[in-house]
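# An overview of the molecular structure
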Amino acid sequence: KLVALSGRASIYRRVMNQPKAAEAELRKALAIDDFDTRTIRNLLDLGSGIAPEERAVLLTRFVGGEIPPLDRMRALLELAEARRAIGDDANAESALVEAASFNPEPWMFEHVRTAVSNNSEAFARVLSKAVMRAHEQGRSIDPSNPGGKMADGKRSIHRTSNPSHRRGDSRRRARDAGRD
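Residues numbered from 1 in each chain as written. Predicted model: local features only at pLDDT ≥ 70, side-chain atom pairs only at ≥ 80, totals over all residues. Heavy atoms only, no water.

Applying the stated criterion to the full structure yields zero aromatic pairs. Looking at Arg41, its charged tip hangs above the ring of Phe62, at a distance of 5.1 Å from the centre. Here the guanidinium or amino end of Arg113 rests over the ring plane of Phe123, the centre of that ring lying 4.0 Å away. (Phe/Tyr/Trp six-rings, centres within 6.5 Å; stacked < 30°, edge-to-face > 60°. Lys NZ or Arg CZ within 6 Å of the ring centre and 35° of its normal.)

Together, Ile11, Val15 and Met16 line one region of the surface with nonpolar side chains, adding up to about 300 Å² of accessible area. On the secondary structure map, Met16 appears in the loop between helix H1 (2–15) and helix H2 (19–32). The class of Met16 is partly exposed, set by a relative accessible area of 43%. (Patch = residues over 30% accessible without salt bridge, like charges linked within 9 Å, V, L, I, M, F, W, Y side chains within 5 Å. Areas by Shrake-Rupley, 256 points an atom, 1.4 Å probe, with all protein chains shown as cover. Salt bridge = Lys/Arg side-chain N within 4 Å of Asp/Glu carboxyl O. Helix = DSSP H or I, 4+ residues; strand = E, 2+ residues; numbered from the N terminus. Buried < 20%, exposed > 50% of the residue type's maximum accessible area, 1.4 Å probe, protein only.)

For the rest of this paragraph, the subject is the packing of helix H7 (residues 106–115) against helix H8 (residues 120–136). At a minimum axis distance of 9 Å, the contact between H7 and H8 shows a crossing angle of 135 degrees. Judged on the interaxial angle alone, H8 and H7 are oblique. Crossing angle aside, the handedness with which H7 passes H8 is right-handed. Only Phe123, Val126 and Leu127 of H8 make contact with H7, whose side of the interface consists of Phe109, Val112 and Arg113. (Axes fitted to C-alpha atoms, helices over the stretch in contact; angles between N-to-C directions. Parallel < 35°, antiparallel > 145°, perpendicular 65-115°, else oblique. Left-handed = near helix turned anticlockwise from the far one by under 90°. Contact = heavy atoms within 4.5 Å.)

What follows deals with the side chain of Glu25. Within the fold, Glu25 resides in helix H2. A relative accessible area of 7% means that Glu25 is categorised as buried. Filtering out sequence-adjacent residues up to four positions away, Glu25 remains in contact with Leu5, Arg8, Ala9 and Tyr12.

Looking now at the pattern of salt bridges. Per the stated rule, a full pass over the model turns up 15 salt bridges. Of the charged contacts in the structure, one is a salt bridge between Glu25 and Arg8, with a shortest N-O distance of 2.9 Å. Of this pair, Glu25 sits in helix H2 while Arg8 sits in helix H1, and the two are 17 residues apart along the sequence. Relative accessible area serves as the criterion here: at 40%, Arg8 is assigned to the partly exposed category. Of the charged contacts, one joins Glu136 and Arg133 as a salt bridge, the two residues approaching to 3.6 Å between their closest N and O atoms. Of the two residues, Glu136 and Arg133 both sit in helix H8, three residues apart, roughly one turn of that helix.

What follows deals with helix H3 (residues 37–46). Inspection of H3 places Thr37, Thr39, Ile40, Leu43, Leu44 and Leu46 among the buried residues, and these make up the whole buried set. Here the buried face of H3 lies against H1, H2 and helix H4 (52–63). A positive phi of about 80 degrees marks Gly47, the residue just after H3.

As structure tokens, then:
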């Protein structure tokens, strides 16, 4: 039933250009399973009609679901923005910590710096918690590492997800996938 509702929503949205009808179908699907990541993502992608508080709730459910690490990281960054927009700075910071613990690349730290409005104290707090969180998860990160490598030698999520790093033959891609 979820698949049928999502399929109809997709047709309403993409083929018939009826976002309200698509939203109605997705809300029916959400009533069946309020943690279905596909339904949540599709509803969030509609954009309009979702109150900021509901957006934050949906993103919280989404990041708690079974999703690929890169999608989780992006959703955590989106969640941090959504939480900050509704004045929930503590949970916004928690989402930033989680996102930064996934990816030790310099661009992530710059994103964190921007998200905390260049507040040095908040930036240091988020980075220290991110390093601690990564360590708890068995990943060791070094914010001063410009190469994007984790201390265990594995590449970060950003580097392996970047299409420019996926060029080459299938054997190399398979080998790299086994390392990450």
